[in-house]
Amino acid sequence: MPVTIYHNPDCGTSRNTLALIRHAGIEPTVIEYLQHPPTRERLIQLIDEAMLRPREAVREKGTPFAALGLGEPGVTDEMIIDAMLAHPILINRPFVVTPMGTRLCRPSEVVLDILPPVTRPFTKEDGEVVIDAQGQRVR
């Protein structure tokens with residue numbers, strides 16, 4: 001099953017998502033989007049396929065979001081896309097693409113919605129159980 005993750009290795013959520021994909025027995029294509037940002041067309045496609053609006057896909061914490069005034073009234077989707085392209089750190093992560101769909105995987109276990117069933121136990125880096133010893137997803 002082809003899987004692509006737009007990954008930031010410094011992000012715990014992104015690392016947990018990548019670990020879940022690998023836990024499912026899939027070695028994904030990993031795109032470190034800060035070094036290799038998507039094109040405008042690809043970014044818009046990811047956001048659209050994830051059924052989001054640009055405002056829902058922009059990252060605020062630890063970014064120039066406030067300094068750029070992106071939270072102000074009148075900021076358009078196009079302005080947010082432009083800012084994300086100019087400052088890839090504004091792209092929330094991780095986006096994951098599979099034949100079953102595209103998702104912004106926040107929290108990381110959202111990726112399970114677009115992967116084949118995973119029934120082996122899985123625990124996040126911080127100790128949070130995602131799949132229990134009985135193979136059930138913990139919500």
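As shown above, the structure is provided for reference.
Residues numbered from 1 in each chain as written. Predicted model: local features only at pLDDT ≥ 70, side-chain atom pairs only at ≥ 80, totals over all residues. Heavy atoms only, no water.

Student: Even after reading the chapter, I still don't get the side chain of S14, so can you show me in this structure?
Tutor: Considering the arrangement of structural elements, one finds S14 in helix 1 (residues 12-23). Of note is the side chain of S14, whose polar atom sits 3.1 Å from the backbone nitrogen of N8. With residues up to four places along the chain from it excluded, the contact list for S14 reads I5, Y6, H7, N8, R93 and P94. (Helix = DSSP H or I, 4+ residues; strand = E, 2+ residues; numbered from the N terminus. Polar contact = N/O pair within 3.5 Å; in protein donor to acceptor, adjacent residues only side chain to side chain. Contact = heavy atoms within 4.5 Å.)

Student: Explain the packing of helix 2 (residues 40-49) against helix 4 (residues 77-86) to me, please; I cannot follow it from the model alone.
Tutor: Each pair of packed helices can be summarised by the angle the axes make with each other and by the distance between the axes. At a closest axis distance of 11 Å, the pairing of helix 2 and helix 4 adopts a crossing angle of 120 degrees. Classified by the angle between their axes, helix 2 and helix 4 sit oblique to one another. In terms of crossing hand, the pair formed by helix 2 and helix 4 is right-handed. For the pair helix 2 and helix 4, the contacting residues are R40, L43, I44 and I47 in the first and E78, I81, D82, M84 and L85 in the second. (Axes fitted to C-alpha atoms, helices over the stretch in contact; angles between N-to-C directions. Parallel < 35°, antiparallel > 145°, perpendicular 65-115°, else oblique. Left-handed = near helix turned anticlockwise from the far one by under 90°.)

Student: Before we go on, may I ask you to explain unusual backbone geometry in this structure?
Tutor: Peptide bonds are mostly trans, and most non-glycine residues show a negative phi. Along the chain, R93 connects to P94 via a cis peptide bond; the corresponding omega equals -5 degrees. Tracing the chain through its elements places P94 in the loop between helix 4 and strand 3 (95-98). We note that M51 has phi near 60 degrees; this positive angle belongs to a residue other than glycine. Mapping M51 onto the fold places it in the loop between helix 2 and helix 3 (54-57).

Student: What should I look at first to understand the sheet that holds strand 4 (residues 101-104) in this one?
Tutor: Sheet strands pair via backbone hydrogen bonds, and the direction of the pair is either parallel or antiparallel. Ordered by their spatial adjacency, four strands build an open sheet running 2-1-3-4, and the pairing between neighbours is mixed. Two strands lie at the open edges of the sheet, namely strand 2 (29-32) and strand 4, each paired on one side alone. Adjacent strand axes in the sheet meet at a mean angle of 15 degrees, parallel and antiparallel pairs treated alike. The pairing of strand 1 (residues 4-7) with strand 2 spans four bridges and is classified as parallel. By the bridge assignment, H7 is partnered in strand 2 with E32. In this fold helix 1 packs onto strand 1, strand 2 and strand 3, with an angle of close to 160 degrees to the strand it touches most, strand 1. (Pairing = 2+ DSSP bridges.)

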